[in-house]
Amino acid sequence: AFNDMSKGLRERDKVRNLLGKVISPEIAEELINKDVQLGGEEREMTILFTDLRNFTGMSESRSPVEVLSLLNQYLTRMTGIIDKHGGVVDKYIGDAIMALFGAPLELPNHADKAVRCAIEMTQALEQLNQDFRTKGWPELGMGIGINSGNVVVGNMGSKDRLNYTVIGDNVNLASRLESVTKEYGVPIIVSEATRAQAPSVQYKRLDHITVKGKQAPVTIYTPVI
């Protein structure tokens, strides 16, 4: 019985370690320790989307090995910053990152931590670009969109294949804000909801706009870095 128990613990640790490399360790722990079922719960949190600029065009002129090496260095650096500020990487979407602040574990001051995370990410990208220049690699540009509000968080998909993630209108808005950073020429755009919950950061008001997929206009801001 003792040997069986030891074997079971080793297998559990192996599964935890493997899951922790495929998905965020916090999400792996959530899946291991709870009864995994389809469905979710409503929760207030902050969602951050980031995407690289002109990455597809840059990839066309370089070998897949070089592109992958550059991308892995970028994602490793940015993931470390997200972890540092209490965020959780939900998924990588090519060169894009979707990060959660407030799930699966609740996070006090999630909006403030997400904004400060975004600021540090832009500063880290400047340092990365210095390294890339010495290697003859192109410099990278980045856009970040942040929004706070109620979302549904939990296990989505089918009974045979689940994905722990968040869905809802507030998730979509965060993604839309990332895309409009190109139009305003700024690296970070946050919503009014995020700005209100992260007052310790100084902001510049950019505009009052209607983003794609939403009827009600939103006021957008960028942190003063």
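Before any of the text, the structure's been laid out above.
Residues numbered from 1 in each chain as written. Predicted model: local features only at pLDDT ≥ 70, side-chain atom pairs only at ≥ 80, totals over all residues. Heavy atoms only, no water.

Draft legend 1. The arrangement of the environment of K214 in detail. Here K214 lies in the loop between β7 (203–209) and β8 (218–223). With residues up to four places along the chain from it excluded, the contact list for K214 reads D169 and L173. (Helix = DSSP H or I, 4+ residues; strand = E, 2+ residues; numbered from the N terminus. Contact = heavy atoms within 4.5 Å.)

Draft legend 2. Local environment of the packing of helix α4 (residues 64–84) against helix α5 (residues 110–134). One can describe the packing of α4 onto α5 by two numbers: an axis separation of 10 Å at closest approach and a directional angle of 150 degrees. Overall, the two elements α4 and α5 adopt an arrangement that is roughly antiparallel. Judged by the twist between their axes, the crossing of α4 over α5 is right-handed. Facing α4, whose interface residues are L70, Q73, Y74, R77, M78, I81, I82 and K84, α5 presents C117, E120, M121, A124, L125, Q127, L128 and F132. Broken down by class, the residue content of the contact of α4 with α5 amounts to eleven nonpolar, two polar and three charged. (Axes fitted to C-alpha atoms, helices over the stretch in contact; angles between N-to-C directions. Parallel < 35°, antiparallel > 145°, perpendicular 65-115°, else oblique. Left-handed = near helix turned anticlockwise from the far one by under 90°. Nonpolar A, V, L, I, M, F, W, Y, C, P; charged D, E, K, R; others polar.)

Draft legend 3. Just the pairing of strand β2 (residues 88–93), in detail. Of the strand pairs in this sheet, β2 and strand β3 (residues 96–101) are connected by five bridges, and their pairing is antiparallel. Within β3, the position partnered with Y92 by the bridge is I97. In sequence, β2 turns back onto β3 through a hairpin of two residues, with G94 there showing a positive phi of about 65 degrees. (Pairing = 2+ DSSP bridges.)

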